[in-house]
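Residue-level structural notes
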Amino acid sequence: IVLLCALLLTGIALRLRDLDVKGRRPDEGVYTSQAIIVAREGLEGTRRLISEYNADKKLWIYPPPIRIGYTYLLAAIMKAANIFDERAGTYLSTLCSIGALFMLALLGLRFFNRWATVAALVLMSVSPMDLAIARRSWQDSVLAFAGLLLIYCCSELTANPGRKVWYIPFWLIGI
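About the cut-offs
Residues numbered from 1 in each chain as written. Predicted model: local features only at pLDDT ≥ 70, side-chain atom pairs only at ≥ 80, totals over all residues. Heavy atoms only, no water. Core = buried A, V, L, I, M, F, W, Y, C linked by side-chain atoms within 4.5 Å. Buried < 20%, exposed > 50% of the residue type's maximum accessible area, 1.4 Å probe, protein only. Helix = DSSP H or I, 4+ residues; strand = E, 2+ residues; numbered from the N terminus. Contact = heavy atoms within 4.5 Å. Axes fitted to C-alpha atoms, helices over the stretch in contact; angles between N-to-C directions. Parallel < 35°, antiparallel > 145°, perpendicular 65-115°, else oblique. Left-handed = near helix turned anticlockwise from the far one by under 90°. Nonpolar A, V, L, I, M, F, W, Y, C, P; charged D, E, K, R; others polar.

Right, let's talk about the nonpolar core for a bit. If you look at the biggest cluster of nonpolar residues, it comprises 18 residues, and the most contacted ones within it are Tyr70, Leu74, Met78 and Leu92. Elements supplying a minimum of two residues to this core: helix H2 (26–41), helix H4 (68–81) and helix H5 (86–111). Among all residues touching Met78, those that are not within four sequence positions of it are Thr32, Ala35, Ile36, Ile83, Phe84, Asp85 and Ala88. With 17 residues, the next largest nonpolar core counts Leu4, Leu104, Met124 and Tyr152 among its residues.

Okay, structure coming up:
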């Protein structure tokens with residue numbers, strides 16, 4: 001337990017270290033600007049973004065505005081935190097990456113043994129790719145967290161098919 005806690009704390013500390021990213025990628029700006037429009041205009045903003053995107057072929061190299069799950073979540077974070085720049089996406093990514101560490105620990109302890117859980121946490125806590133993604137305003141950390149939640153729900157359903165209550169979060173997360 002002490003080793004698992006130490007690994008979790010190490011992973012959290014590494015993710016919270018130096019969140020001020022220099023040199024944002026263009027897609028981070030696109031996600032941010034789309035979320036700002038959605039935060040201000042709601043569904044009408046989404047319709048406008050899609051119309052503009054479809055009308056201008058130069059925009060097709062950027063993420064499309066139909067990724068509304070992430071866009072609406074980011075817009076909600078922006079409104080709740082009153083932060084309307086790339087930092088909102090960075091904070092969301094960081095929180096989801098930390099959440100994924102906890103889900104990995106829970107999944108490992110529930111369905112595997114403690115040593116498999118320790119090995120998984122060691123690898124994920126210091127993974128250069130996961131640490132880099134956690135600092136960016138991308139949707140990858142959110143999807144990784146959602147994926148682990150789905151795996152957990154599916155594992156619970158597989159372990160005990162009679163507990164139908166697990167279908168509800170499974171469907172909601174999957175949507």
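Back to the text.
Another point: the packing of H5 against helix H6 (residues 114–125). Between H5 and H6, the least distance of the axes is 8 Å, while the angle of their chain directions is 165 degrees. Comparing the axis directions of H5 and H6 gives the class roughly antiparallel. Crossing handedness for the pair H5 and H6: right-handed. Contacts from Ser97, Ala100, Leu101, Leu104, Ala105, Gly108 and Leu109 in H5 reach Arg114, Thr117, Ala120, Leu121, Met124 and Ser125 in H6. Its residues assigned to classes, the contact of H5 with H6 comprises 8 nonpolar, 4 polar and 1 charged.

Moving on to the side chain of Thr94. Position of Thr94 among the secondary structure elements: in helix H5. Exposure remark for Thr94: the relative accessible area of 3% places this residue in the buried category. Every residue in contact with Thr94, bar those within four places of it in the chain, is listed here: Arg15, Leu16, Leu19 and Ala134.

Treat this as a map of the structure, not an account of what it does.
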